[in-house]
Amino acid sequence: MTEIIIIALNKLDADPKNVRKTYSAEGVEALAANIREDGYRLLQNLVVRKGDKKGRYFVTAGGRRLAALNLLAEAGAIAKDFPVECKEREGEIATEISLAENILREDMHPLDQYEAFDALAKQGKDVADIAVRFGTTETVVRKRLALARVSPVLLQLYRDEDMSFAQLSAFTISDDHERQVTVWNALPSWNRDVLSIRRALTEEMIAATDKRVQFIGGLAAYEQAGGAVKRDLFDDRNAGYATDPAFVEKLVAEKLEAAAASVRAEGWEWVECSATAPAGYHSMKRHYPEAIALSEEDRAALDAAQTEYDELAELIENGVSGDEAETKLAEVEKRIDALNARTEVYSPEALEQAGAFVFLDYYGRLTIERGFVKPNESAETEDEDDDGEGQPSGKGTEAPKVRSINHSAALIEDLTAHKTAALRIELANNPEVALVAVVHAMLLRVTYPYNTEQSALQLSLTHERLEPSIKDAESCKGLAAFHELADNYGHHLPGNPADLFDWLLEQPQDSVLALLAFGAAHAVNAVEKKFTDRKKGIEQANQLGNALKVHMPDWFETTGDSYFKHVNRTTIELAVAEAKGGDAELSVRAATKKSEAVTIADRLVTGSGWLPAPVRISSPEQTDDGKSTAEDEQFPQAAE
């Protein structure tokens, strides 16, 4: 048994033979706080050997503890000759001891941490104190304490190594232990990934990223209004979930009605509100405003406001603006909008015959569209064209042409390949929708022989590789996830194809359905090439995406490399305007070179969730003839 000796702190030196040379300042400070909290006692003695000078010792094992004690001595918390309990070993084995301590050491099991933290919490210790006591962060403590929400059955599965910590963490979004166990048992073993678990537990909740939640001001506004929230500490991408969908809809309706009140005050015949774009409204006949000249006073005010806006935008862009610059910029922008609104006016006839829609667009932004004439009132507007597009109510005045986003055929092929990859992995993880999709495609072939291409699935079964269509295939999240899933299946399927049929007969039905989804996913093809005879099938991919509830920002991120450097300047400007607003567009316009515009667009849009039209999953609000939604009408693709 090694004898314990007492050595003064100022007689101890770091051992040059210690294999660990570097310690983080934050880690040393946390350990010092832990030692202070425990009455300046070390839980583990230092291991030392005699130094080069008489009376001094090298610390062979415990360098971080020595650094923490020296930090406490420098702060005056302990004396410089503070007595330290040590164990002495021979110098010849110093390196072996150091290696053993640093390599063979095992971190504390997460559940053991949870139980220790939970015991202290029940004693009244707050999170900050527990973090100091164990030399860790408050975030780690909160994440461990969150495991209290998980069923003991699942905790034991994790202890038995039948579940990963990531899987266990996904269950903390729910407090319903029975529901948690049901979800775990219902998911096939190969499909128990974090996303599938979280999706099953939150299917009746509304995510913070949902456009309705964003519209009402986020979860903070929802909570302040009295709504209940569930938060997932282990999901860095999501701030939580609203647990009362009906209350969210009520708040959305109230905010829409508030906006509609000001529109009604304009004198329209009718004003309608909805949480989504009205079906087919873009094909209705429409009155457009008539252009009028500003008064000299208003023109001077507009010029002054525009100059002020440009100056503020330049200061913000250069990073030399004050804290209130953004607020001032927003106020100036409102003045500019109000003045510009005076440059056009609807005729009394338009107000009498037409109305306005107040709704949320694809991204959850408030949208007000004016001047629409309902079909039963169209007879009163004989000055409009027979094609239903509508003309301005002013004599001889045409609707102003708008600039449009243009995508090359190669870029459309690239973006829709990303969309197809996302559809494939989502379909592979959703047997119920896969079954419907496959049966739909089969019935089209056997019952409607002349409409076989009205399915996104190329069944016979056809599988086209996506790598040739994607400029940077290695960066495609959907491809990576699908390849990983295929590798997992490879470990379960029989090696000899002659054994496959008999093997399938022995599998439970849910496993066969899962394999059906996996097989069907190979046939999904929404890639839009320059020349294609599959336009109906490509359009049906949006139906498939909506059924799968595909959230494309999870699978594709709009950046300079993935998008902006492949389009022209006008498209960059309009895309940034759509994603971040008019002030952001001005920043891009100020760039002298396209490369600068790409860099600015990348900085402004990356992380915003905005997507180019070809990679979006279009919303289900479409006309019966298959036309695109209003948003796609505003930004038509060049290939069309």
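Keep in mind that what you see is a predicted model, and the values were worked out from it rather than measured. Each chain has its residues counted from 1, following the order in which its sequence is written. Note on the predicted model: pLDDT of at least 70 is required for a residue's local features to be given, and 80 or more for side-chain atom pairs to be given and counted; whole-chain, interface and lining totals, by contrast, use all residues. Water and hydrogen atoms play no part in the side-chain values, which are based on all heavy atoms of the structure.

**Thoughts on the overall build of the protein chain**
Turning to step 1, where the next piece is worked out: The secondary structure listing takes helices from DSSP runs of H or I that are at least 4 residues long and strands from runs of E that are at least 2 residues long, numbered from the N terminus. If you tally the helices and strands in the protein chain, you get 26 helices and 14 strands.
Turning to step 2, where the next piece is worked out: Accessible area is worked out with a 1.4 Å probe on protein chains only. A residue is then buried under 20% of its type maximum, exposed over 50%, and partly exposed in between. Counting only residues that meet the buried cut, the protein chain has 42% of its 640 residues in that class.
Turning to step 3, where the next piece is worked out: Note on definitions: a residue-residue contact is assigned when non-hydrogen atoms from the two residues lie within 4.5 Å. Within the protein chain, counting contacts between residues at least 6 apart in sequence, those at least 24 apart form 73% of the total.
Turning to step 4, where the next piece is worked out: Element-wise, carbon and sulfur atoms account for 50% of the exposed surface of the protein chain, whose accessible area totals about 34500 Å². We get accessible surface area from the Shrake-Rupley algorithm with a probe of 1.4 Å; when it comes to residues, only the shown protein chains can shield them.

**Thoughts on the nonpolar core**
Turning to step 1, where the next piece is worked out: Formed by 53 residues in total, the largest nonpolar core has its most connected members in Leu427 and Leu544.
Turning to step 2, where the next piece is worked out: Sorting the residues of this core by element identifies helix H17 (409–428), helix H18 (431–446), helix H19 (477–490), helix H21 (509–523), helix H22 (535–548), helix H23 (569–580), helix H24 (582–589) and helix H25 (594–605) as the ones contributing at least two each.
Turning to step 3, where the next piece is worked out: Ranked by residue count, the leading element in this core is H17, at seven residues.
Turning to step 4, where the next piece is worked out: Filtering out sequence-adjacent residues up to four positions away, Leu544 remains in contact with Leu423, Leu427, Val433, Ala437, Ala456, Leu457 and Val524.
Turning to step 5, where the next piece is worked out: If you look at the next biggest cluster of nonpolar residues, it comprises 25 residues, including Val213, Val271, Tyr346 and Ala356. Think of a nonpolar core as a cluster: buried Ala, Val, Leu, Ile, Met, Phe, Trp, Tyr and Cys residues, connected wherever their side-chain atoms sit within 4.5 Å.

**A short note on the sheet that holds strand E8 (residues 241–242)**
Turning to step 1, where the next piece is worked out: Pairs of strands are assigned from DSSP output, requiring at least two bridges between the strands. Judged by pairing direction, the sheet is antiparallel, and its three strands sit side by side in the order E6-E8-E7 without closing on themselves. Looking at which strands have only one partner, the edges of the open sheet turn out to be strand E6 (206–207) and strand E7 (229–230).
Turning to step 2, where the next piece is worked out: Inspection of the sheet shows E7 paired to E8 by two bridges, in the antiparallel sense. Within E8, the position partnered with Lys230 by the bridge is Tyr241.

**Some points on the sheet that holds strand E13 (residues 355–360)**
Two pairing modes exist for strands in a sheet, parallel and antiparallel, and in both the strands are linked by backbone hydrogen bonds.
Turning to step 1, where the next piece is worked out: Sheet architecture is open: four strands sit in the order E9-E13-E14-E10, paired in mixed fashion. The open sheet has two free edges, formed respectively by strand E9 (270–274) and strand E10 (285–286), since each of these has just one partner strand.
Turning to step 2, where the next piece is worked out: In the sheet, E13 pairs with strand E14 (residues 366–373) via six bridges, with the strands oriented antiparallel. Counted as the bridge partner of Gly355 is Phe372 from E14.
Turning to step 3, where the next piece is worked out: Lines are fitted to the C-alpha atoms to define the axes, a helix being fitted only along its stretch in contact, and any angle between axes, read from their N-to-C directions, falls within 0 to 180 degrees. Contacting E9, E13 and E14, helix H13 (residues 245–264) crosses the sheet at an angle of about 150 degrees to E13.

**Overview of the pattern of salt bridges**
Turning to step 1, where the next piece is worked out: We define a salt bridge as a contact between a side-chain nitrogen of Lys or Arg and a carboxyl oxygen of Asp or Glu at a distance within 4 Å. By the definition in use, this model includes 22 salt bridges.
Turning to step 2, where the next piece is worked out: For Asp210, the salt bridge goes to Arg212, with nearest N and O atoms at 2.9 Å.
Turning to step 3, where the next piece is worked out: Between Glu257 and Arg264 there is a salt bridge, with the nearest N and O atoms lying 3.4 Å from each other.
Turning to step 4, where the next piece is worked out: Because the salt bridges share partners, they merge into one network encompassing Arg569, Glu573, Glu585 and Arg589.

**Digging into the packing of aromatic side chains**
Turning to step 1, where the next piece is worked out: Any two of the Phe, Tyr and Trp rings considered here, Trp counted by its six-membered ring, make a pair once their centres fall within 6.5 Å; the pair's planes then place it as stacked at under 30 degrees, edge-to-face at over 60, or tilted in between. Applying the stated criterion to the full structure yields nine aromatic pairs.
Turning to step 2, where the next piece is worked out: Look at Tyr563 and Phe564: their rings are 5.3 Å apart centre to centre, the planes differ by 70 degrees, and that puts the pair in the edge-to-face class. The same class applies to Tyr563 and to Phe564, which are both buried.
Turning to step 3, where the next piece is worked out: One aromatic cluster in this structure is built from Trp270, Phe357 and Phe372.

**Here we look at the packing of helix H9 (residues 177–186) against helix H10 (residues 194–201)**
Turning to step 1, where the next piece is worked out: At a minimum axis separation of 10 Å, H9 and H10 run at an interaxial angle of 135 degrees. Considering their axes alone, H9 and H10 lie oblique with respect to each other. Relative to H10, H9 is oriented so that their crossing is right-handed. Of the residues in H10, those in contact with Arg179, Gln180, Val183 and Trp184 of H9 are Ile197, Ala200 and Leu201. In this scheme, roughly parallel covers angles under 35 degrees and roughly antiparallel covers those over 145, while 65 to 115 is roughly perpendicular and the rest are oblique. Note on convention: the crossing is left-handed when the near helix lies turned anticlockwise from the far helix by less than a right angle, right-handed when the turn is clockwise.

**Concerning the packing of H23 against H25**
Turning to step 1, where the next piece is worked out: Where H23 meets H25, the closest approach of the two axes is 10 Å, and the angle between their N-to-C directions is 15 degrees. With respect to H25, the axis of H23 lies roughly parallel. Crossing geometry of H23 relative to H25 is assigned as left-handed. Facing Arg569, Ile572, Val576, Ala579 and Lys580 of H23, the residues of H25 in contact are Lys594, Ala597, Val598, Ala601, Leu604 and Val605.
Turning to step 2, where the next piece is worked out: Residue classes follow a fixed rule: Ala, Val, Leu, Ile, Met, Phe, Trp, Tyr, Cys and Pro count as nonpolar, while Asp, Glu, Lys and Arg count as charged, and any other residue, Gly among them, counts as polar. For the contact of H23 with H25, the residue count by class is eight nonpolar, no polar and three charged.

**Notes on unusual backbone geometry**
Turning to step 1, where the next piece is worked out: Located in the positive-phi region is Glu161, a residue other than glycine, with phi close to 65 degrees.
Turning to step 2, where the next piece is worked out: Mapped onto the secondary structure, Glu161 falls in the loop between helix H7 (152–159) and helix H8 (165–170).
Turning to step 3, where the next piece is worked out: For Lys549, which is not glycine, the phi torsion reads 55 degrees and is therefore positive.
Turning to step 4, where the next piece is worked out: Of the residues examined, Lys549 reaches a relative accessible area of 71% and is grouped as exposed.

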